[in-house]
Amino acid sequence: MSKNKKPTKWMKLDNAALIYPATMNRSWTALFRLSATLTEPIDEDILEVAQKRTLRRLPWFAYKLKRGLFWFYLEHSDDLPKIEQDVANPCVRMRLSENEGFCMRVRYYQNRIAVEFFHVLTDGTGGQVFLQTLVAEYLRLKYGANIPRSEKILDCSEEPKPEEAEDSFAKHSGRITQTRKEVKAYHIKGTDERNGFVHIITGSMNAQDVLAKAKEKGVSATVYLTAVLILSVDAIQRRKVPSIHNYKPVKVSVPVNLRNVFHSKTLRNFANYVNPGIDPRLGEYTFDEVLNIVHHTLAMEVTEKLLNVKITTNVRSEQNTVLRLTPLFIKNMALKYVYSQVGDALSSTTISNLGVAKLPEEMAQYVRRMDFILGPLADNRVCSAALTYNGRLRINFTRTIAEPWLEREFFTRLVKLGIPVKVESNQRE
Amino acid sequence: MTEVLFMSYCVNCGVELQKSEPRCPLCGTEVLNPNERDEEKPIRPYPAHVEHLDKTVDRRYMASFISLLMLIPLFTAMLANVLVSKQITWSYLVLGGELVLFTVFLLPMIARMPKVLYMVIDAVAVGVLLLLIRVLTKSSWDWFLLLGLPITALTALMCWFFSLMADEKCKIPVLVRFTYALTCVGLLVVAIEFFIGLYRHAIAWPTWSLYVLFPCLVLASSLLILNRRARVKEEIRKRFYF
């Protein structure tokens, strides 16, 4: 009997995912969350069936993280993750042993379906495909909605496609590498939240308002928001740090979806980062100056050639023979050290803009709202993520300190710039 | 009534507040909108239940870190050995000692594997240390083969047996498990006396080990009897509850 048993499917972690299991600990896991709020309360039983069908189409999300002698790897499981009730502090660390080893969890609350992903599986774009397919399947089962399927909303009756699970980093790496060395950035410090409470503050605004303001300045919405964020962090540093000589650069990490640059259909990680910023020691910057810096930094660095160099640098490190032959427990410590030097340390915060989520009319009539939340980062205590749906741009700030300095600075700046903002949060009553 | 009448703004921050917000999340200013007083309590965007983190030490990370620290005395000893003797000799003992420390204390925290495998690895590590001692002291094989190896193997076997008895899933009653464990200890001591006799080429009827074996057997029998008395057993369970 056991001889006929099929071997369990497994796959290597993609290049970007390698760092996450090494840096995870009992109180922190690199997570992000995507959610869709529907027009009616969620039916758990239907959601469970929808999840089962979605995982059959997208088996890459039903993989469990395992330890090898030299590397972590992902192993497929025929089990299904449990559907959970949502909690007040989303993206709180995922303990894999409690999650039956799965690297994602589906949670619901009132009308909302939320999926939290451990970054070893996928990035925001891959997560969005999973969530949209799950919601489409849920709506089909519950209302009989006939939703046209596409590359973003997959047909669950189709077979999984191997190119969806490819490690595109390896495929698109070249020959030239460069140093990762960069100056460390200023980090906002504050009072630690007890018991790991994760604060979420959502600012929602009319996407057209932001776009119009950005067009006025001749930049994109992402550049506009990044510049406001840089100035917000800069203002905090100027208040908190007494001497100008102790100022550190203020940089904001902006994830770049590499699928837009390289041809790839992968649903696993395929993103890189650019860290535009300013050096506050040189004096005070005007908004236009910061916009200019961010605009040109992104224009200069988000090119096929430079991104290829960045990818190649990371892939080469992974291919290093000494590193490959180092036992996992030593490698983990080395990776933790590397991450502390070239990870969060290089930026003051993050703004991850997933862009505009467009749903077909047959689906959009049931979906009121969509959100994107980044889980807490390892070193940076505040980060943000943005997603536009149905004409509303929602920016979710995630914070692990008690003081909402950055959110206040950022949203009040937007209001002063003429963009009305509506806020909500998970604050305790 | 239009929706405009029910919009609340923070007087400090200038942002509009969602109806579910009791105060401005950005500055803490309370929301006071006289038009909203009689309204139903709006649904909060997140449930009240908070998932708490229990602060525990990351044992795997600590064990890995200690393992790396152990390399410092090892390299220091080897360097001193090379500088003095021009070759590596006694510092092999440091290597063997650290190997035993690592396999016994740190490995279980780093890697998860079947218990029997831990015991095998531990026994092999102790065997390697004994072998190093034999080679470096250039002593005879007798003590190593007749004393060191058998006692190491038996002790490892007994530790494995203890770990089985201590397993939460073990269905044998606790008092019976103690009976088995005590009997095991008694028998191990007898076996040690036997191997000492073998090494001295003077195998004889056990003497000193019986002083250990008999109390163990008596205590084990008492526990077996106690196990049959439900009331006494309950009393013991109550008093030794942890």
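Residues numbered from 1 in each chain as written. Chains lettered and ligands numbered in written order. Predicted model: local features only at pLDDT ≥ 70, side-chain atom pairs only at ≥ 80, totals over all residues.

Looking at where Tyr339 of chain A falls in the secondary structure, it is placed in helix 10 (residues 328–342). Accessibility expressed as a C-beta count within 10 Å gives 17 for Tyr339 of chain A, which makes it partly exposed. (Helix = DSSP H or I, 4+ residues; strand = E, 2+ residues; numbered from the N terminus. Buried ≥ 20, exposed ≤ 12 C-beta atoms within 10 Å, placed from the backbone.)

This next bit is on the domain arrangement of chain A. All names here are of chain A. Taken domain by domain, chain A consists of domain 1 (8–154) and domain 2 (194–425). Spacing between the C-alpha centres of domain 1 and domain 2 amounts to 22 Å. Across the boundary between the two partners, domain 1 contributes 49 residues, which contact 41 residues of domain 2. Only helix 1 (19–23), strand 2 (31–38) and helix 3 (124–143) provide two or more residues apiece to the side of domain 1 that touches domain 2. Among the elements that take part in the side of domain 1 that touches domain 2, helix 3 stands out by supplying nine residues, more than any other. Across the side of domain 1 that touches domain 2, the residue classes break down as 29 nonpolar, 15 polar and five charged. (Domains from an automatic or database assignment. Contact = placed C-beta atoms within 7 Å. Nonpolar A, V, L, I, M, F, W, Y, C, P; charged D, E, K, R; others polar.)

Bringing the domain arrangement of chain B into the picture now. Assigned domains within chain B: domain 1 (1–42), domain 2 (58–139) and domain 3 (168–236). Centre-to-centre separation of domain 2 of chain B and domain 3 of chain B, based on C-alpha positions: 32 Å.

The next thing to look at is the nonpolar core. Counting 126 residues, the largest nonpolar core has Ile113, Phe118 and Ile230 of chain A as the members making the most contacts within it. With 11 residues, the top contributor of residues to this core is helix 6 (residues 221–240) of chain A. Counting residues in hydrophobic clusters, the runner-up holds eight residues, among them Met119, Ala123, Val126 and Leu129 of chain B. (Core = buried A, V, L, I, M, F, W, Y, C linked by C-beta atoms within 7 Å.)

Quick look at the interface of chain A and chain B now. Contacts between chain A and chain B engage 34 residues on the former and 29 residues on the latter. Secondary structure elements with two or more residues in the side of chain A that touches chain B: helix 10, helix 12 (405–416) and strand 16 (422–425) of chain A. With five residues, the top contributor of residues to the side of chain A that touches chain B is helix 12 of chain A. With two bridges joining them, strand 16 of chain A and strand 2 (residues 16–17) of chain B adopt parallel strand pairing. Its bridge partner lying in strand 2 of chain B, Lys422 of chain A is registered against Glu16 of chain B. (Pairing = 2+ DSSP bridges.)

Further remarks concern helix 7 (residues 287–301) of chain A. Residues and elements named next belong to chain A. Its 15 residues give helix 7 an end-to-end C-alpha distance of 21 Å, which sits within 8% of 21 Å, the value for a rise of 1.5 Å per residue. All of the buried residues along helix 7 are Val290, Leu291, Val294 and His295. In an axial view of helix 7, the angular spread of the buried residues amounts to 130°, which keeps them on one side of the axis. Residues of helix 7 that are exposed and point over 90 degrees away from its buried face: Asp288, Ala299 and Met300. Where helix 7 is buried, its residues contact helix 6 and strand 11 (277–278). (Expected span 1.5 Å × (residues − 1). Arc of directions from axis to C-beta.)

Residues and elements named next belong to chain A. Despite not being glycine, Cys91 has its phi angle at roughly 65°, a positive value. Here Cys91 lies in the loop between strand 5 (83–85) and strand 6 (104–109). For Cys91, a count of 22 C-beta atoms within 10 Å puts it in the buried group. Non-glycine residue Asn390 carries a positive phi angle of around 55°. Counting through the fold element by element, Asn390 comes out in the loop between strand 14 (382–389) and strand 15 (392–399).

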